[in-house]
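# Architecture at a glance
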Amino acid sequence: MLSILKMSFRISLLLSCSSLLTTSLFAAPFASNDSASRAMGGTGVASAQTYASSYFNPSLLAADAGKKGFGMMLPSATVSFDDSSRLLQASRDYFESSYDIFSNYDVSILTTLINGEGDSSIVGSFNAVATASAAVATKITSHTNVQEAVDIDSEISTLIAANENLQANMTSMNDEITRAKIVVEDASAGFGDLSDRPVQVNAGVALSIAVPSKKWGTSLHLQNDLLTGVNFDIADQDRQILTDITDDFEGMVGVATEVAGELSDVVIETAKLTQIMTTVPESASWSTSQWEDAVINGTEQDALDELEAYAAELEAQSLIVDAQVTVAQESSEDLENYDGNYIDGGELTLTEDNRPALISSLSLVGANIAEVGVSFARRFQINGEDINIGITPKFQRIDIFDHTFVVEKFIDGSEIEAIENDFIGYIQEYYTTKNTMNIDIGASKDFTYKGNIRAGLVIKNLIPQTFTSEGGAEITIPTQVRVGVAHTAKFTTFALDIDLTENEPLSFGEPTQYVALGAELNIFGHAKLHAG
């Protein structure tokens, strides 16, 4: 039984670990692989370095004209991680508390208490009560000489001791069943709490070359972003297995409570029998001469009547005890042979054969977005004001891996076998490639106030697009609009960016919308400190 229950623990562990080893595909915010903008909280619409202009706002290529003649970003890689859904904390809480208790729970304690060997179990101690009660009844019903006291002190002592032991075992069993029920309930609740908690991860690499100019600022950039994620769905049907086990324990508690009530009646009736034993008529211990005196005094018949009434009362009460023991024994057999969803004959029988197939799944989507773009910018005079306008036409290749892994296929090994037999073919079966063109447009303007103030606006992915993978997953590249303002003095830069639109998720996860703040301290041109 213990090994069977441990199998269910392994199923729970597989489901739980799967949610930890994968991530959730998320909304792509404004960000480049530029370390400076990353360090400044992701700001850049008005404050990006020249070499990062094409990522944030192509108009900055004209805005920086005359300040820098050339900008280049060597291959730069970044990795971002977001656990705003607190999956890691929820998982840590689950594995350090509910699951730890669940996986280490020794179910043999309960089965030993119910039907183990010896009088330390319910069955054994109940049999001891039945045997002791039968011994009392036999001694009483076999006594024929009413003029002699019934010597059953030894049998009564044995019965009382057996009853006390049974009551102690009943208390222990009820406590253990209640504990087992709580353990399973907590494990089920904690397990379900791990569902629908996306973790966000983005890895990217990029390089760029930029030549700022008021007339034709130009930049070439190459960027590759790898986004991977999963929607972990813990099916209610799978959680129902734990719920059914909880219901089984609850049912056992109900039957055990009934048995405890019956046994309590046994104790009460046995106490009455014991009380009768302590009120033996005095004539039961008379000597021969005392009986002769009773004959002479005419009290012999009264003494005999008293003894006969005592014997009848004793026999009647012993029969009541015997009947109550029979009732309690039947209830005890109901507990010993309890049948439930996954308990049969008092034994937990959860196996891969008698449980429903697990339908919880991991819908995995990985998207690799490779982008090549050329930016152009020019400074225009509009109503006497200098306005910088830039545009970035870009080519994008999107490679999508989309597959739903059903937990049951990992348990039966069919999924693993398919991967091992033909890994390349397996990947190609769920692999989709899409090619597309898109465009970014940006504008900026400079003002002078205790340094330079620059305001910027950018629209990225002017053409919103949605692609459908071979597996049916929809990958969305939405239009994103952001404004920014930056103040630059001799040694400092302060920047503020605000998303005007939500950053829709590519597949899984929640939309995001950011307000970004950043600052830069220029240490005499030798070093720069960034914060954001």
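What counts, and where the lines are drawn
- Residues numbered from 1 in each chain as written.
- Predicted model: local features only at pLDDT ≥ 70, side-chain atom pairs only at ≥ 80, totals over all residues.
- Heavy atoms only, no water.
- Helix = DSSP H or I, 4+ residues; strand = E, 2+ residues; numbered from the N terminus.
- Buried < 20%, exposed > 50% of the residue type's maximum accessible area, 1.4 Å probe, protein only.
- Contact = heavy atoms within 4.5 Å.
- Phe/Tyr/Trp six-rings, centres within 6.5 Å; stacked < 30°, edge-to-face > 60°.
- Lys NZ or Arg CZ within 6 Å of the ring centre and 35° of its normal.
- Patch = residues over 30% accessible without salt bridge, like charges linked within 9 Å, V, L, I, M, F, W, Y side chains within 5 Å.
- Areas by Shrake-Rupley, 256 points an atom, 1.4 Å probe, with all protein chains shown as cover.
- Salt bridge = Lys/Arg side-chain N within 4 Å of Asp/Glu carboxyl O.
- Core = buried A, V, L, I, M, F, W, Y, C linked by side-chain atoms within 4.5 Å.
- Lys, Arg positive; Asp, Glu negative; His and termini not counted.
- Charge placed at Lys NZ, Arg CZ, Asp CG, Glu CD.
- pLDDT = per-residue confidence, 0-100.
- Pairing = 2+ DSSP bridges.
- Polar contact = N/O pair within 3.5 Å; in protein donor to acceptor, adjacent residues only side chain to side chain.

## What about the overall build of the protein chain?
From N to C terminus, the protein chain includes 14 helices and 15 strands. Per-residue burial over the protein chain gives 46% buried out of 532 residues. Pairs at least 24 apart in sequence give 73% of the contacts found in the protein chain among residues at least 6 apart.

## Looking at unusual backbone geometry
A positive phi is found at Lys450, a non-glycine position, where the angle reads about 50°. Tracing the sequence through the fold places Lys450 in the loop between strand E8 (431-448) and strand E9 (452-460). Although it is not a glycine, Asn461 sits at a positive phi angle of roughly 55°. The topology assignment puts Asn461 in the loop between E9 and strand E10 (465-468).

## Considerations on the packing of aromatic side chains
By the definition in use, this model includes one aromatic pair. Judged by centre distance (6.3 Å) and plane angle (80°), the rings of Phe401 and Tyr430 are edge-to-face. One end of the pair, Phe401, is in strand E7 (residues 385-406); the other, Tyr430, is in the loop between helix H14 (423-429) and E8, and 29 residues separate them in sequence. Judged by relative accessible area, which is 14%, Phe401 ranks as buried. Positioned above the aromatic ring of Phe380 is the side chain of Arg378, whose terminal nitrogen or guanidinium carbon lies 5.9 Å from the ring centre. Lying across the ring of Phe447, Lys445 places its NZ or CZ 5.1 Å from the centre.

## Here we look at a nonpolar patch on the surface
A cluster of nonpolar side chains, namely Leu207, Leu220, Leu222, Val372, Phe395 and Met437, defines an oily patch on the protein surface of about 480 Å² accessible area. If you trace the backbone, Leu207 turns up in strand E2 (residues 200-211). With relative accessibility at 32%, the residue Leu207 sits in the partly exposed group.

## Some words on the nonpolar core
Judged by nonpolar contacts, the single largest core of 36 residues is most densely connected at Met252, Leu263 and Leu335. Each residue touching Leu263, except ones within four places of it in the same chain, is listed here: Phe126, Leu166, Gln167, Met170 and Ala328. Counting residues in each nonpolar core, the second largest holds ten residues, with Ala36, Phe56, Ala63 and Ala206 among its members.

## Here's the deal with the pattern of salt bridges
Inspection of every chain in the model, using the stated rule, returns seven salt bridges. Taking the shortest distance from any N to any O, the salt bridge between Lys445 and Glu385 comes out at 2.6 Å. In this pair, Lys445 sits in strand E8 while Glu385 sits in strand E7, placing the two residues 60 residues apart along the sequence. Since its relative accessible area comes to 14%, Lys445 is described here as buried.

## Re a negative patch on the surface
Taken together, the side chains of Glu282, Asp302, Asp305, Glu306 and Glu308 define an acidic patch exposed on the protein surface. Tracing the backbone shows Glu282 in the loop between helix H9 (236-277) and helix H10 (288-297). Judged by its relative accessible area of 61%, Glu282 is exposed.

## Topic: the environment of Tyr449
Position of Tyr449 relative to the elements: it lies in the loop between E8 and E9. Residue classification places Tyr449 among the exposed positions, given a relative accessible area of 52%. In this structure the C-alpha to C-alpha distance between Tyr449 and His487, which are 38 residues apart in sequence, comes to 8.6 Å.

## Notes on the confidence of the model for the protein chain
Taken residue by residue, the protein chain gives an average pLDDT of 75. The fraction at 70 or more is 77%. For the stretch residues 1-27, pLDDT sits under 50, and the model shows 88 contacts to residues farther than four places along the chain or on other chains.

## Looking at the environment of Ala516
Among the structural elements, Ala516 can be located in strand E14 (residues 515-523). Separated by 21 residues in the primary sequence, Ala516 and Ala495 place their C-alpha atoms 8.0 Å from one another. Residues contacting Ala516, with those up to four places away along its chain left out, are Gly41, Gly42, Thr43, Arg482, Ala495, Leu496 and Asp497.

## Describing the pairing of strand E11 (residues 474-477)
Residues of E11 alternate between two faces, with Ile475 and Ile477 buried on one and Glu474 and Thr476 left unburied on the opposite face. Pairing of E10 with E11, which is carried by four bridges, proceeds in the antiparallel orientation. The residue of E11 that forms the bridge with Gln465 is Ile477. Counting the residues that bridge the hairpin from E10 to E11 gives five residues, and of these Gly472 lies at a positive phi of roughly 100°.

## Here we look at the side chain of Gln396
Note on placement: Gln396 falls in strand E7. With a relative accessible area of 3%, Gln396 lands in the buried category. In terms of polar contacts, Gln396 uses its side chain to reach the side chain of Glu371, at 2.9 Å.

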